[in-house]
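# A closer look at the structure
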Amino acid sequence: MPSIRPISDLRNNANEISDYCRRSREPVFITRNGTGDMVVMNIADYERQMALIDLYGKLAAAEQEIADGAEGEEFSAVAKRLRARLDGNI
């Protein structure tokens, strides 16, 4: 069940809300005058969510390229090329 708190709780209990977000890994929904206003969440969870959104966008673009007839490369060829570029640079 989502945690919904009034904006006054954010002002008066910011540390408690921060601890809750970190511990539960769930966002807290903040209301203002009884209406949803903002969401507070742990920064690590936010960054993870943003990375997933970015990944989904890249996957969608790749799927569209394939649907449009683009030809891909074999994994082994790409891996070999990457290994050659990284050899001695690590």
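Above this text is the structure in question.
This write-up is about the structure you can find in this document. (Residues numbered from 1 in each chain as written. Predicted model: local features only at pLDDT ≥ 70, side-chain atom pairs only at ≥ 80, totals over all residues. Heavy atoms only, no water.)

This next bit is on the overall build of the protein chain. Secondary structure summary: the protein chain contains 4 helices and 3 strands in total. The order of helices and strands in the protein chain, counted from the N terminus, is β-α-α-β-β-α-α. A globule of 90 residues ought to have a C-alpha radius of gyration of about 12 Å, yet the protein chain, at 22 Å, is considerably larger. For the protein chain, the spread of C-alpha atoms along the principal axes amounts to about 55 × 40 × 20 Å. Looking at the protein chain residue by residue over its 90 residues, the buried ones come to 12%. Put simply, of all contacts in the protein chain between residues at least 6 apart along the chain, 33% involve residues at least 24 apart. When the accessible surface of the protein chain is summed, it comes to about 7600 Å², and 54% of that surface belongs to carbon and sulfur atoms. Charge separation in the protein chain, taken as the distance between the mean sites of 12 positive and 15 negative side-chain charges, equals 7 Å. (Helix = DSSP H or I, 4+ residues; strand = E, 2+ residues; numbered from the N terminus. Rg over C-alpha atoms; globule rule 2.2 N^0.38 Å. Buried < 20%, exposed > 50% of the residue type's maximum accessible area, 1.4 Å probe, protein only. Contact = heavy atoms within 4.5 Å. Areas by Shrake-Rupley, 256 points an atom, 1.4 Å probe, with all protein chains shown as cover. Lys, Arg positive; Asp, Glu negative; His and termini not counted. Charge placed at Lys NZ, Arg CZ, Asp CG, Glu CD.)

Time to look at a nonpolar patch on the surface. Nonpolar side chains collect at one region of the surface, where Ile43, Tyr46, Met50 and Ile53 lie side by side and expose about 400 Å² of accessible area between them. Mapped onto the secondary structure, Ile53 falls in helix α3 (residues 43–67). (Patch = residues over 30% accessible without salt bridge, like charges linked within 9 Å, V, L, I, M, F, W, Y side chains within 5 Å. Salt bridge = Lys/Arg side-chain N within 4 Å of Asp/Glu carboxyl O.)

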